Amino acid sequence: MTAGRLPRVVVVTRPTDFQALVAGHGTRAQARFFLERRGQRLEEVEERHLRFEEALLRVLQAIPLEWRRSRVTRDDLASFVFEPADLVVPLGQDGLVANVAKYLDGQLVLGVNPDRASVDGVLVRHSPGAVAELLHEAAAGRCRVETRTMVEARLDDGQRLLALNEVFVGHRTHQSARYRISVAGRAERQSSSGLIVSTGTGATGWARSIQLQRRAPVVLPRPAECKLVFFVREAFPSRTTGTDLDGGSLDAGESLEVVSEMNEDGVIFGDGIEIDRLDFAWGKTAVVAAAEERLRLVVD
């Protein structure tokens, strides 16, 4: 921490399913009526919400009273200004860590699992009860930190997108995407359902599913390894398009280049968040590689 300056803890959350249901239907009664007409129970969703609220209270109580604190929702991350020494505490599902990672620049991240019964906890490893001690250890520089590789897509006009799990390049509505792909001195024009470039963190999700489905020999990277893998989804062979470059690895310093041949609705987005995207129209070039930024995840 900066000498003479009190630490700041930034707690990041997203609306619970219960909050989203009530907001969407106007009242709790209307949300309950909607679900019951479909054979579902609002009480189950509300119980998870209450467990989340209890976890949030415990996290907030764990922050020393004299320390500075801020709360930010996932939807407001793009406009929130993080300080270099912030201790960032995402409370929620694993995907919330990915949502916040691309807005950080070396800040420590302490992921907290609000409900071990329903959240896997790969990135949100800590219980609310462990937060008080972990905050003090992190502020004193005594915690163990795991560094995870991130991926970036950079357009030839200077625009840039970061992701923790993977970036997707393709058509916005998942129609056939047309482009030219180049990697390791090889190039090919393709028509496909798009392609993904994944980190080791993302290797437990979308990339893993593709690898298992096609029994691909590509070795998935470890989370901290400065290595990426790419997979082309459903490449279509024709007179003008090929299927040879349908997957592979990118070692440190290597990149993949994609030139769009989509008149409209070509996009690049990261970590499944389609609303935060780069437009990728005909003629634009994207270079995808490991990013300089790394996620610094507090382990213990």
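Residue indices follow the written sequence of each chain, beginning from 1 at its first position. Predicted model: local features are reported for residues with pLDDT of at least 70 only, side-chain atom pairs are reported and counted for 80 or more only, and whole-chain, interface and lining totals are derived from all residues. Only hydrogens and water are set aside when side-chain values are computed; all heavy atoms of the structure are taken into account.

Asks: Describe the overall build of the protein, with residues and values.
Replies: Runs of H or I in DSSP of at least four residues are treated as helices and runs of E of at least two as strands, each being numbered from the N terminus. Secondary structure summary: the protein contains six helices and 16 strands in total. We compute the radius of gyration from the C-alpha atoms alone; for a globule the expected value is 2.2 Å times N to the 0.38, where N is the number of residues. The C-alpha atoms of the protein give 21 Å as radius of gyration, which agrees with the globular expectation for 300 residues (19 Å, within 12%). Taken across its 300 residues, the protein has 49% of its residues classed as buried. Contacts are residue-level and defined by heavy atoms, with any inter-residue pair within 4.5 Å sufficient. Excluding contacts between residues fewer than 6 apart, the proportion of contacts in the protein whose partners are at least 24 apart in sequence is 67%. For every residue, the accessible area (1.4 Å probe, protein chains only) is compared with the maximum for its type, and the residue is labelled buried under 20%, exposed over 50%, or partly exposed between those bounds.

Asks: So what's going on with the nonpolar core? Which residues, and what values?
Replies: Residues Ile 181, Leu 195, Val 197, Ile 268 and Phe 280 are the most contacted members of the largest nonpolar core, which totals 26 residues. If you list the elements that add at least two residues to this core, you get β5 (145-155), β6 (160-163), β7 (166-171), β8 (177-183), β10 (195-198), β11 (228-232), β13 (255-260) and β16 (285-298). Top element by residues in this core is β8. It accounts for four residues. Excluding residues that lie within four positions of it along the chain, Leu 195 makes contacts with Val 167, Phe 168, Val 169, Tyr 179, Ile 181, Phe 231, Val 232, Arg 233, Leu 256 and Val 258. Remark: nonpolar core denotes a set of buried residues (Ala, Val, Leu, Ile, Met, Phe, Trp, Tyr, Cys) joined through side-chain atoms within 4.5 Å.

Asks: Break down the packing of aromatic side chains for me, with residues and values.
Replies: The criterion for an aromatic pair is that two Phe, Tyr or Trp rings (for Trp, the six-membered ring) have centres within 6.5 Å, with stacked assigned to planes under 30 degrees apart, edge-to-face to planes over 60 apart and tilted to the rest. Considering all chains together, one arrives at three aromatic pairs under this definition. Between Phe 168 and Trp 206, the aromatic rings sit 5.9 Å apart at their centres with planes inclined by 15 degrees, giving stacked as the arrangement. Of this pair, Phe 168 sits in strand β7 while Trp 206 sits in helix α6 (residues 206-214), and the two are 38 residues apart along the sequence. Among the aromatic residues, those joined into a cluster by ring pairs are Phe 168, Trp 206 and Phe 269.

By themselves these figures say nothing about function.
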